[in-house]
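# Structural description and commentary
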Amino acid sequence: MEKKGIFDEFLGAKTLFKNKEVLRPNYIPEELPHRRTQINHLASILVAALRGETPSNIFIYGKTGTGKTAVTKYVGDELNKKARELSEEYENKIIKTTLDYINDDNGGRANYLENAFNHLDFEKFFGDELKNNIKIPVHYIYINCQHVDTQYRVLTHIANSFIETWDERLPLTGWPTDEVYNRLRQNIDDAGGVITIILDEIDKLVEKSGDDILYNLTRINSDLHNAKANVIGISNDLKFKEFLDARVKSSLGEEELIFPPYDAEQLQDILYDRSQNALQEKAIESSVIPLCSALAAQEHGDARRALDLLRVAAELADRDNTNRITEKHVRKALSKIEQDTVAEVIRTLPPQSKLVLLSIVINHENDVVKLTTGMVFDVYKELCEKLHMDTLTQRRVTDLISELDMLGIINSRVVSFGRGGRTKLIERSVPVENIKEVLEESDLLKPVIDYKPMISQIVQSTLL
DNA sequence: TGTCCACTGGAAGGGAGGGCTT
DNA sequence: AAGCCCTCCCTTCCAGTGGACA
């Protein structure tokens, strides 16, 4: 009998998906429902690039999942497409002119021209014209500042996007920043044309590295001779602009685009649209899409969340071996997504942060009602001793606690207990069992996962 | 009204680790 | 190998703070 591989059974299994990628957040569909206004506005600004003029700098604002990135990328693709089309049109015109020229036997140069034409050596004759006109170079460089979050990295990223071979690329560290800037300027100038630089999640960049980079980028045109550049900043935090230098603020905000959240009905349209390409016919119960939309609309109209819900619900239905996605699957998907995100965040924490989180968990397990930084630090110190690890200072631990707060694993707020001092009050925002389940996976923490802190501390803390 | 507690959180800077040029 | 640069993680220092209490 033929032996079956472990994947064969699943590979042959029936699936509700036609194309799962269509439901992924980074998929750019051919149509973006309810974003016509924004697309037109953006296109009306960027069309300048096709005329070889510098488009205005643009600031785009909208909550997560309102289509900012999708629209920007979509318009970018269209811009590139149009630039290619125009360039082809122009090339054809040149060929036609050449042919006419040859046919007219203009001034006895026909043979020479024909010869050149046969060898496709246009540049010999139309060199300058070709260089300047045939290709309307439009470069659209997209950078997500969540990962590329320092001045140096943004500059190298842009500079490297003009370089094709690996060995010519700028290194990830090592060069002085002004040297990288010079190289970037040179690369842009060599490439020529109009360069649009998109900085997605620009607030992350400014928060971490200040606005020097924006100042430099919005003023790069004065250093360019053969090219023009403009910047599109995308953010979901409108307030971040308040912290910018006034000069940066005014030049980045030459044009502003606001992306309002989708309402439940608009989300439904988006889901219907995508599901037609993503899922088999009749794979969805009629109430599924309205439910996904309603759930996502509750959370500031986040289309990404709506798509995730539908995708995960379909995956769960697939695993159930049913041929229909039901409301039950959507509800399951909702809790699965929430759990998965938290688990993933905890899993990727650095060891010291995990240790701080564990000491918070341990305090909660010991029924501490009002948990403060001091108590967390005390248990943390004990854990470090047990594990023979370096103990960080309380100052550093305060920062780690704030980071855990930002990640949404805990809630902390500063309160004053009068003479008892002023400190952070720490509460969990995720069930302790869920956190512990993930922490238990870590080999490092295994020896102390059920650690009991010294009694004195618990007595002291419950007195507060 | 002033004092005092237990911190908070900003600023500055050290140093290890990555990489470059000379 | 030496000298330089950038990033990341961390320490040290310290002014500032909300509110209970005397």
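Residues numbered from 1 in each chain as written. Chains lettered and ligands numbered in written order. Predicted model: local features only at pLDDT ≥ 70, side-chain atom pairs only at ≥ 80, totals over all residues. Heavy atoms only, no water.

## Quick word on helix α8 (residues 202-209)
Cut-off, in case you're wondering: Think of it in three bands: with a 1.4 Å probe and only protein chains considered, a residue is buried below 20% of the maximum accessible area for its type, exposed above 50%, and partly exposed in between. Numbering of helices and strands starts at the N terminus; helices are DSSP runs of H or I of at least 4 residues and strands are runs of E of at least 2. Along the arc lie the directions from the helix axis toward the C-beta atoms. The criterion used for residue contact is that any of the two residues' heavy atoms lie within 4.5 Å.
Within the sequence span of α8, burial applies to Ile202, Asp203, Leu205 and Val206. Buried residues in α8, looked at end-on, bunch into an arc of 160°, giving them a common side. Opposite the buried face of α8, by more than 90 degrees, sit the exposed residues Glu207 and Lys208. On its buried face, α8 is in contact with β1 (58-62), α6 (151-160), β3 (193-200), α9 (212-218), β4 (227-235) and α10 (246-252). Gly210 sits one or two residues past α8 and shows a positive phi near 80°.

## Quick look at the side chain of His329
Note on placement: His329 falls in helix α14 (residues 327-347). Those residues in contact with His329, other than ones at most four positions away along the chain, are Ala313, Leu316, Ala317, Asp320, Thr322 and Arg324.

## Some points on the protein's contact with DNA strand B
Put simply, the rule reads: Proximity is defined per residue: any heavy atom of the residue falling within 4 Å of a molecule or strand makes that residue near it. Any pair of nitrogen or oxygen atoms within 3.5 Å is treated as a polar contact; in protein, a donor-acceptor pairing is required on top of that, and neighbouring residues in sequence qualify only through side-chain atoms on both sides. Lys, Arg, Asp and Glu make up the charged group, whereas Ala, Val, Leu, Ile, Met, Phe, Trp, Tyr, Cys and Pro make up the nonpolar group; the residues left over, Gly among them, are polar.
Lining the immediate environment of DNA strand B, one finds 18 residues, of which Thr173, Trp175, Thr373, Arg395 and Gly420 sit closest. Here, DNA strand B places atoms within 4 Å of the protein, and 61% of those atoms are sugar or phosphate. Arg395 places a side-chain nitrogen or oxygen 2.7 Å from a base oxygen of DNA strand B. One of the backbone nitrogen or oxygen atoms of Gly420 is found 3.4 Å away from a sugar or linking oxygen of DNA strand B. Listing elements by their share of the surface near DNA strand B, those giving two or more residues are α16 (373-387), α17 (394-406) and β8 (422-428). By residue class, the composition of the surface near DNA strand B is 3 nonpolar, 11 polar and 4 charged.

## A closer look at a negative patch on the surface
Heads up, the condition is: Without a salt bridge and with relative accessible area above 30%, a residue can belong to a patch; like charges are then joined within 9 Å and nonpolar side chains (Val, Leu, Ile, Met, Phe, Trp, Tyr) within 5 Å. Computed by Shrake-Rupley with a 1.4 Å probe, the accessible areas treat only the displayed protein chains as cover when residues are assessed. Here, a salt bridge means any Lys or Arg side-chain nitrogen found within 4 Å of an Asp or Glu carboxyl oxygen. All tallies of charge rest on Lys and Arg as positive and Asp and Glu as negative; His and the ends of each chain are not included. Lys charges are placed at NZ, Arg charges at CZ, Asp charges at CG and Glu charges at CD.
Taken together, the side chains of Glu30, Glu31, Asp263, Glu265, Asp269 and Asp273 make up a negatively charged region of the molecular surface. Mapping Glu265 onto the fold places it in helix α11 (residues 264-278).

## Looking at the domain arrangement of chain A
What counts, and what does not: Domain start and stop points were drawn from an automatic or database domain assignment.
In terms of domain boundaries, chain A breaks down into domain 1 (15-25 + 263-344), domain 2 (36-259) and domain 3 (349-463). The straight-line distance from the C-alpha centre of domain 1 to that of domain 3 is 36 Å.

## Description of the packing of aromatic side chains
Which entries qualify depends on this criterion: The aromatic pairing rule takes the rings of Phe, Tyr and Trp, using the six-membered ring of Trp, and pairs them if the centres are within 6.5 Å, calling planes under 30 degrees apart stacked, those over 60 edge-to-face and the rest tilted.
By the definition in use, this model includes 1 aromatic pair. Pairing Phe377 with Tyr380 gives two aromatic rings, centres 6.0 Å apart and planes at 25°, and the pair type is stacked. With a gap of 3 residues between them, Phe377 and Tyr380 both fall in helix α16, about one helical turn apart. Grouping residues by exposure puts Phe377 and Tyr380 together as buried.

## Points about the sheet that holds β8
Inclusion rule: Note: two strands are recorded as paired if DSSP finds a minimum of 2 bridges between them.
Pairing is antiparallel across the open sheet formed by 3 strands, whose spatial order is β6-β8-β7. Single-partner strands in this sheet number two, and they are β6 (371-372) and β7 (410-416). Examined bridge by bridge, β7 and β8 share 7 bridges and lie antiparallel to one another. Counterpart to Arg413 in the pairing with β8 is Leu425.

## Focus: the packing of helix α12 (residues 288-298) against helix α13 (residues 303-319)
What counts here: A fitted line through C-alpha atoms represents every axis, and for helices the fit uses only the stretch in contact; the resulting angles, taken between N-to-C directions, go from 0 to 180 degrees. Comment on the angle field: the value is read as roughly parallel under 35 degrees, roughly antiparallel over 145, roughly perpendicular from 65 to 115, and oblique elsewhere. Crossing handedness: left-handed means the near helix sits turned counterclockwise from the far one by under a right angle, and right-handed means the same turn made clockwise.
Axis separation between α12 and α13 bottoms out at 8 Å; the angle between their running directions is 140°. The orientation of α12 with respect to α13, classified from their angle, is oblique. Where α12 crosses over α13, the two elements pack in a sense that is right-handed. Contact residues: Val288, Cys292, Leu295 and Ala296 in α12; Arg305, Ala306, Leu309 and Leu310 in α13. The class makeup of the residues in the contact of α12 with α13 is 7 nonpolar, no polar and 1 charged.

## A closer look at the pattern of salt bridges
Using the criterion set out here, one finds 21 salt bridges in the structure. Ionic pairing is found between Lys81 and Glu78, a salt bridge with its closest N-O pair at 3.2 Å. Here Lys81 and its partner Glu78 are both found in helix α3 (residues 68-103), 3 residues apart, which amounts to about one turn of the helix. Relative accessible area serves as the criterion here: at 41%, Lys81 is assigned to the partly exposed category. Residue classification places Glu78 among the partly exposed residues on the basis of a relative accessible area of 34%.

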